[in-house]
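Each chain is listed here by its residues.
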Amino acid sequence: MMRKQKLILMDIDGTLLNTDWKMLPYTKKILTSLHEHGILLGIASGRPVDDISFHTQNWDLPFQFDVLVGLNGCEIQNNVTNTYSLSHELSPEQLKTATHLMLDHFECIPFLYRGSQIHALEVNEVIKTSAIKSGKEPVQVDLETMCKEPCVKVMFRTRQKETIDQMEQYLKTIETPGLKWFKTQSTLMEVSDSAVSKAIALPILCQQLDLDNGQIIACGDTTNDNEMLKAAGLGICLKNGTEDTKACADEITELDNDHDGLAHHFVKKHPELFKK
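Every value quoted in this text rests on a predicted model; they were computed, and no experiment measured them. (Residues numbered from 1 in each chain as written. Predicted model: local features only at pLDDT ≥ 70, side-chain atom pairs only at ≥ 80, totals over all residues. Heavy atoms only, no water.)

1. Details of the overall build of the protein chain
Okay, step 1: The helix and strand inventory of the protein chain stands at eleven helices and 14 strands.
Okay, step 2: Relative to its length of 276 residues, the protein chain is compact, with a C-alpha radius of gyration of 18 Å against a globular reference of 19 Å.
Okay, step 3: Over its C-alpha atoms, taken along the principal directions, the protein chain stretches across nearly 60 × 35 × 35 Å.
Okay, step 4: The buried share of the protein chain, taken over its 276 residues, is 55%.
Okay, step 5: Look at the contacts in the protein chain between residues 6 or more apart in sequence, and 60% of them connect residues 24 or more apart. (Helix = DSSP H or I, 4+ residues; strand = E, 2+ residues; numbered from the N terminus. Rg over C-alpha atoms; globule rule 2.2 N^0.38 Å. Buried < 20%, exposed > 50% of the residue type's maximum accessible area, 1.4 Å probe, protein only. Contact = heavy atoms within 4.5 Å.)

Here it is, written out as structure tokens:
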């Protein structure tokens, strides 16, 4: 009997890359081996697809990822079927509402992706660094310009980790119809359409690739990965992951992202992936 094909979807920050934002040699070796053994490999990130492509080109891997899921599930580039889709954009009014809500209560810098640029209300060193990491140009704009056209999400960068905790607590006390909030880094909050999660990409990929959920392995480390881990046939959280994400996972790695945690987990816990 032929083995059913598998698709592994992996988050980037805190999952595939270490805290210095580098892919370690052993992780590269294991990903290459998985691909050589016929496993479909995909990225599932809050970043847009063009941002993901910018980074994957710098990882020095001898293969192309089969699937890129960007913007927390709203953007799908399937390199197997050569198809692309974008969905769940927020209206200009929703963008303004969310931005005003955060600015009225917290010290933060709102920003969003606009093609090859990052539009931000303030371009400080952190925003400049984000732009460099994504291969985009940072542009300081006013609120009207930033929110004049639909966009999948707006992000809020804070200077202190404690501010994100305060945001999370505050958002539990209010209602924001049509909006869904994600903590994606220790100093980053994001807001999207209420239906958005990385999990919305799974049924689309299953249809495109003739898979079922049981053939998908999802890997992540923080809140915006939760729904994807629960929806996949197998959900894996990194040791360094947040407690809410660990609670959603079927398995937790023994090592963290600074010690090739995901790669070692595949080798030790799932040797069947390396058999053709």
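2. Digging into the sheet that holds strand β4 (residues 75-78)
Okay, step 1: The strand order across the open sheet formed by eight strands is β5-β4-β3-β2-β1-β12-β13-β14, and the pairing between neighbours is mixed. Taken across any chain shown, the strands that pair with only one partner, and hence form the sheet edges, are β5 (83-86) and β14 (251-252).
Okay, step 2: Note that strand β12 (residues 216-220) and strand β13 (residues 234-237) share four bridges and pair parallel. Bridge assignment links Gly 220 to a residue of β13, and that residue is Cys 237.
Okay, step 3: Sitting on the sheet, helix α3 (residues 49-56) is in contact with β2 (40-44), β3 (67-70) and β4, with an inclination near 130° to β3. (Pairing = 2+ DSSP bridges. Axes fitted to C-alpha atoms, helices over the stretch in contact; angles between N-to-C directions.)

3. Quick notes on the pattern of salt bridges
Okay, step 1: Across all of its chains, the model carries 14 salt bridges by this definition.
Okay, step 2: The salt bridge partner of Lys 198 is Asp 11, with a shortest N-O separation of 3.1 Å. Of this pair, Lys 198 sits in the loop between β11 (188-193) and α8 (201-209) while Asp 11 sits in the loop between β1 (7-10) and α1 (12-16), placing them 187 residues apart in sequence.
Okay, step 3: Put simply, Asp 11, Lys 198 and Asp 225 are held in one network by salt bridges that share partners. (Salt bridge = Lys/Arg side-chain N within 4 Å of Asp/Glu carboxyl O.)

4. A few points about the packing of helix α2 (residues 25-36) against helix α11 (residues 261-269)
Okay, step 1: Two elements in contact, α2 and α11, have axes separated by 8 Å at closest approach and are oriented at 45°. By the angle class used here, α2 and α11 are oblique. Of the two possible hands of crossing, α2 and α11 adopt the one that is left-handed. The segment α2 lies against α11, with Tyr 26, Thr 27, Ile 30 and Leu 34 engaging Ala 263, His 264, Phe 266 and Val 267. (Parallel < 35°, antiparallel > 145°, perpendicular 65-115°, else oblique. Left-handed = near helix turned anticlockwise from the far one by under 90°.)

5. Points about the packing of aromatic side chains
Okay, step 1: In this structure the tally under the stated criterion is four aromatic pairs.
Okay, step 2: Where Phe 106 meets Tyr 170, the ring centres are 5.7 Å apart and the plane angle is 70°; that geometry is what we call edge-to-face. In this pair, Phe 106 is assigned in the loop between α4 (92-105) and β6 (109-114) and Tyr 170 in helix α7 (residues 161-171), connecting sequence segments 64 residues apart.
Okay, step 3: Classification of Phe 106 by relative accessible area gives buried; the value is 12%.
Okay, step 4: Grouped by ring-pair contacts, the aromatic residues Trp 59, Phe 63 and Phe 65 constitute a single cluster. (Phe/Tyr/Trp six-rings, centres within 6.5 Å; stacked < 30°, edge-to-face > 60°.)

6. Side note on the pairing of β6
Okay, step 1: For β6, a buried count of six out of six residues is recorded, marking the element as mostly surrounded by other parts of the structure.
Okay, step 2: In β6, alternate side chains face the same way, and those of Ile 109, Phe 111 and Tyr 113 on one face and Pro 110, Leu 112 and Arg 114 on the other are all buried.
Okay, step 3: Note: β6 against strand β9 (residues 153-157), three bridges, orientation antiparallel. From the neighbouring strand, Phe 111 faces β9, where its bridge partner is Met 155.
Okay, step 4: Where β6 lies against strand β7 (residues 117-120), four bridges are found, and the strand directions are antiparallel. Opposite Tyr 113, over in β7, you have Ile 118 as the bridge partner.
Okay, step 5: Turn length for the β6-β7 hairpin, with the two strands adjacent in sequence and antiparallel, is two residues, and the turn residue Gly 115 shows positive phi of about 60°.

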